[in-house]
Number of protein chains: 2
Amino acid sequence: MRADARDNRARIMTAADDVFGRSPGASTDDVAKLAGVGIATVFRHFATKTELLEAVLTLRLERIRDRALELTGSDDPGTAFFEFFTQVVAESESKLAIAEALTAAGAAAGEEAQEAGRGMRAAFDGLLIAAQKAGAVRADAEMPEVYALLTGASRGATAAKLDAETRDRMLALIYDGLKPRP
Amino acid sequence: MRADARDNRARIMTAADDVFGRSPGASTDDVAKLAGVGIATVFRHFATKTELLEAVLTLRLERIRDRALELTGSDDPGTAFFEFFTQVVAESESKLAIAEALTAAGAAAGEEAQEAGRGMRAAFDGLLIAAQKAGAVRADAEMPEVYALLTGASRGATAAKLDAETRDRMLALIYDGLKPRP
DNA sequence: GATTAAACGGAGTGACGACTTCGAATATAT
DNA sequence: ATATATTCGAAGTCGTCACTCCGTTTAATC
């Protein structure tokens, strides 16, 4: 692969992440303009808009997974779990915008993005189980509903444009529900 | 106003509620077809697509508000509060689709819909305070974060397409966090 | 039942956005 | 430096969608 092609590809990904993270309804032209390339260059690297969105979403998911993996094996699994939860909610805004752009483009997440999603959930599951073993999270809470809480808190915070303080108070309520019953 | 005009207006609203509730990206033609009228008739009653979406969203919000008002003054405020919460989450899917359609159409909710939203939140606040007075909900939880929980749970359940069982388990976790600390 | 004001439908119109084409430019190998 | 294969970008194409125009129909009144 030629050097300029590789550069452009990276620039396009960065621009797309930025643009779609801001407004899910953005056009491919917007991405090209921000990346400083022509439209054709965007479509040479990503055959369809959907493909571009998927690539960006996959990257985001992988980053979140890596964050979870970093925290896995911490000697304070309870703190690790809640810290991860908080971080994901705090940073979810732009990621959700990208996911929304994908569905608005009339396509479910493709194989690549789905795989990244599975990897992320697996890493999150690891954090959850460790926190439960350490007695920081109630043992009867299972992955599906806890993950639903995570996505729900993310979407709720994003949709309602919560300020940081209200968001933390909401999380405090959720965390109280997740802690072991006395 | 002529009788056929009133009929058509009602038919259009019903059709729009149905169509946009299913798929936020639907076109105005789809609505007209389902309502059994021409496109021009839709635009005669609602000057823009945004206006139609707002009307439908407002109606939904008012219905939710009415549900809350019905439950207000119950002699079991705790049960009333949690029942309302559960109902809203269970039925949120199509309402959220409509709200999404509005933002996708590039417009925030107009004055009418905002007013309906305020009314709904006020009614919800009434339920919350009554439940707190009855000792069913912890007293230190305030409206903004509790409302954020409601919208978050709704959006999370919708986005993740939770089955009823997982949704209830998620709600149980939330409710445990909302109940008074022992 | 004739009148008429209001409402109706469906064929436009214009804008926008995803995707293509093709001649110009440029990185790499010799 | 030159050759050439690859990549680039601007000007298209095509389809879709919100919205309009206008001749026709219909509900209400006398």
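All of the points below concern the structure found in this document.

Definitions and cut-offs
- Residues numbered from 1 in each chain as written.
- Chains lettered and ligands numbered in written order.
- Predicted model: local features only at pLDDT ≥ 70, side-chain atom pairs only at ≥ 80, totals over all residues.
- Contact = placed C-beta atoms within 7 Å.
- Helix = DSSP H or I, 4+ residues; strand = E, 2+ residues; numbered from the N terminus.
- Nonpolar A, V, L, I, M, F, W, Y, C, P; charged D, E, K, R; others polar.
- Near = placed C-beta within 6 Å.
- Expected span 1.5 Å × (residues − 1).
- Least-squares fit on C-alpha atoms with pLDDT ≥ 70 in both.
- Core = buried A, V, L, I, M, F, W, Y, C linked by C-beta atoms within 7 Å.
- Buried ≥ 20, exposed ≤ 12 C-beta atoms within 10 Å, placed from the backbone.
- Axes fitted to C-alpha atoms, helices over the stretch in contact; angles between N-to-C directions.
- Parallel < 35°, antiparallel > 145°, perpendicular 65-115°, else oblique.
- Left-handed = near helix turned anticlockwise from the far one by under 90°.

The figure often quoted for interface size is the accessible area lost as the parts come together. Facing 26 residues of chain B, the contacting portion of chain A comprises 26 residues. Broken down by element, the residue count for the side of chain B that touches chain A peaks at 11 residues, all from helix α8 (residues 143-159) of chain B. For the side of chain B that touches chain A, the residue count by class is 15 nonpolar, 7 polar and 4 charged.

Around DNA strand D, the surrounding shell holds 22 residues, and the nearest of these are A:Val37, A:Gly38, A:Ala40, B:Ala3 and B:Ser27. Listing elements by their share of the surface near DNA strand D, those giving two or more residues are α1 (3-22) and α3 (39-45) of chain A together with α1 (3-22), α2 (28-35) and α3 (39-45) of chain B. The leading source of residues in the surface near DNA strand D is α3(A), at 4 residues. Partitioning the surface near DNA strand D into residue classes produces 9 nonpolar, 6 polar and 7 charged.

Moving on to the protein's contact with DNA strand C. Lining the immediate environment of DNA strand C, one finds 22 residues, of which A:Ala3, A:Ser27, B:Gly38, B:Ala40 and B:Thr41 sit closest. Taken together, the residues that form the surface near DNA strand C break down as 9 nonpolar, 6 polar and 7 charged.

A few words on helix α9 (residues 164-178) of chain A. With 15 residues, α9(A) extends 21 Å between its outermost C-alpha atoms, agreeing within 8% with the 21 Å of an ideal straight helix rising 1.5 Å per residue. Among the structural elements, α5 (77-90) and α8 (143-159) of chain A together with α8 and α9 (164-178) of chain B are those in contact with the buried residues of α9(A).

For the match of chain B to chain A, the screw axis carries a shift of 0.1 Å, the RMSD comes to 0.0 Å, and the turn is 180°. Expressed as a symmetry operation, the mapping of one chain copy onto the other fits a two-fold axis. Rotation axis and chain B: the residue whose C-alpha lies nearest the axis is B:Gly177, separated from it by 1.8 Å. A shared binding surface is used by both copies, with 100% of the interface residues of chain B retained as interface residues in chain A.

This part is about the nonpolar core. With 110 residues, the main nonpolar core has A:Phe81, A:Leu127, B:Phe81 and B:Leu127 as its most contacted residues. Not counting the four nearest positions on each side in its chain, A:Phe81 is found in contact with A:Leu127, A:Leu128, A:Ala131, A:Ala136 and A:Val137.

Closest axis-to-axis distance for the α8(A)/α9(B) pair is 9 Å, and the angle between their directions is 65°. For the element pair α8(A) / α9(B), the angle class is roughly perpendicular. Seen from above, α8(A) lies across α9(B) with right-handed handedness. Of the residues in α9(B), those touching α8(A) at A:Pro144, A:Glu145, A:Ala148 and A:Leu149 are B:Thr166, B:Arg169, B:Met170 and B:Leu173. Across the contact of α8(A) with α9(B), the residue classes tally to 5 nonpolar, 1 polar and 2 charged.

On their own, these measurements won't tell you what the molecule is for.
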